[in-house]
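For reference, the chains in residue letters:
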Amino acid sequence: MSPSSADLLRQVKSEIDEVDPSEVKELLQEGVAIVDLRETDEISSGLLPGAKHVPRGYLESRIEAIVPDREAHVILYCASGNRSAYGARTLRDDLGYEHVQSMTGGITLWKDRGYEVDVPRTLSAEQRERYSRHLLIGEIGVDGQQKLLDAKVLLLGAGGLGSPTALYLAAAGVGTLGIVDDDDVDLSNLQRQVIHSTQRIGIPKVDSAEESIHALNPDVRVVKYPVRLDASNIMEIIEGYDVIVDGADNFPTRYLLNDATVRLKIPVVSASILGFDGQLSVFKPYEGPCYRCLFREPPPAELAPSCGANGVLGVLPGTMGLLQATEVVKLILSIGDLAIGRLLLYDALAATLTEVKVHRDPDCPICSRPPEEIGDEEMGVFPDYEAFCAAAG
Ligand SMILES: [Zn+2]
């Protein structure tokens, strides 16, 4: 008579080495290899901290990649300790692992004891579909999409540059978008500020932008700042953001933003537009030049085009805003070559993109100092940039 499966299991368990969850808990700190043998649809409620997941059917083919050293201490577990008992015998007898144990009672007993688990981050079925074209790219995939969903990006302005940037970052699934803008939607904005609409003329731009973003992607949290950025509020607003998108249209804000972001070491993706010309650069504090390395003093007022109303080709902020959005996504994903130390100049009429190398200035009034010395009490919280810019004129 052949043995029943219960007999077989008893037999296997008597042959292998079992370990109690309390002992495994102690061993977690010591770098033992812990392998979860459950199926993919069983792990959503959590794994042991630091455990690697290998479904039982793939154990033989994948274990070497995870635990190359056959003398290493390996602990297997499953839901209740049965599959891991068979797995332990296979690893020892067939694959030559010398020190394999199976955890008694599996993760069920582990959880009954109240021990900690790591809940894996997964995308919902809807998110898998929404971001499917990202998931197909090796450089992004599920991990990259999670990074985008976890990212916090602050947009200065929901205007010409901010509109396309915000829409595409929202579509890409950047999880938190902060928007600083104290203006209302005006008819003259709509030639280029595509996040707004004719029926929303007169309402605050932050509210209009939020409406468009939520209509496009409800995954995105919008944080609204219907204020003008100044020395009294900048630190409070920008702290905690991963990247700042600068679409500011005036020099005082640009200088203030530079000094505050160097202090907090937050990268800034900056662009500006005028007529048919656009500029873009990424300022990553202490890795490349800051804005002050390039433009130590504000230009004289008559050469500072942003002081009054100026013409701009309506599609140009679209081009430049999407170059900004692209750099933001690359920063979040840590992929590609960022436009750090490079000023990209786009000439829409000539259809050319040229590049100027820019360097850190060792005597830069801002980034030659350590962060804690920027804008401290001695310097005055931050200089009065309105006066600073006016004086330069
Ligand atoms: Zn600098």
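Residues numbered from 1 in each chain as written. Predicted model: local features only at pLDDT ≥ 70, side-chain atom pairs only at ≥ 80, totals over all residues. Heavy atoms only, no water.

J.: Can you walk me through the sheet that holds strand β2 (residues 33-36) in this structure?
T.: Sheet strands pair by backbone hydrogen bonding; their relative direction is either parallel or antiparallel. A sheet is described by the order of its strands in space; here five strands give the open sequence β1-β5-β4-β2-β3, paired in parallel fashion. Either end of the sheet is taken by a strand with one partner, and the two such strands are β1 (18-19) and β3 (52-53). (Pairing = 2+ DSSP bridges. Helix = DSSP H or I, 4+ residues; strand = E, 2+ residues; numbered from the N terminus.)

J.: Can you walk me through the packing of aromatic side chains in this structure?
T.: Geometrically, a pair of aromatic rings is defined through the distance of the ring centres and the angle of the planes. On inspection of all chains with the given rule, the structure shows four aromatic pairs. Note on phenylalanine 283 and tyrosine 291: the rings are 5.8 Å apart at their centroids and 85° apart in plane angle, and the pair reads as edge-to-face. By the burial criterion, phenylalanine 283 is buried, and tyrosine 291 matches it. Their ring planes at 50° and their centres at 5.1 Å tell us that tyrosine 291 and phenylalanine 295 sit as a pair that is tilted. An aromatic cluster is built from Tyr255, Phe283, Tyr291 and Phe295, whose rings are joined through pairwise contacts. Across from the ring centre of tyrosine 58, 4.0 Å away, lies the NZ or CZ of arginine 62, which sits over that ring. (Phe/Tyr/Trp six-rings, centres within 6.5 Å; stacked < 30°, edge-to-face > 60°. Buried < 20%, exposed > 50% of the residue type's maximum accessible area, 1.4 Å probe, protein only. Lys NZ or Arg CZ within 6 Å of the ring centre and 35° of its normal.)

J.: Can you walk me through the coordination of the zinc ion in this structure?
T.: Metal coordination angles have textbook ideals: 109.5 degrees for a tetrahedral set of four donors and 90 or 180 degrees for an octahedral set of six. Protein ligation of the zinc ion involves Cys290 (SG), Cys293 (SG), Cys364 (SG) and Cys367 (SG), the donor distances falling in the range 2.3 Å. For the zinc ion, the four donor atoms in the first shell make angles of 93 to 121° at the metal, so the coordination geometry reads as tetrahedral. (Donors = N, O, S within 2.8 Å, 3.2 Å for Na, K, Ca; no water. Tetrahedral: all angles 85-135°; square planar, octahedral: opposite > 155°, others 65-115°.)

J.: Help me understand the confidence of the model for the protein, please; the structure alone is not making it clear to me.
T.: Any segment with low pLDDT has predicted coordinates that should not be analysed in fine detail. The pLDDT averaged across the protein works out to 91; a share of 92% of its residues lies at or above 70. In the predicted structure, residues 389-393 sits below a pLDDT of 50 and forms nine contacts with residues beyond four places in sequence or in another chain. (pLDDT = per-residue confidence, 0-100. Contact = heavy atoms within 4.5 Å.)

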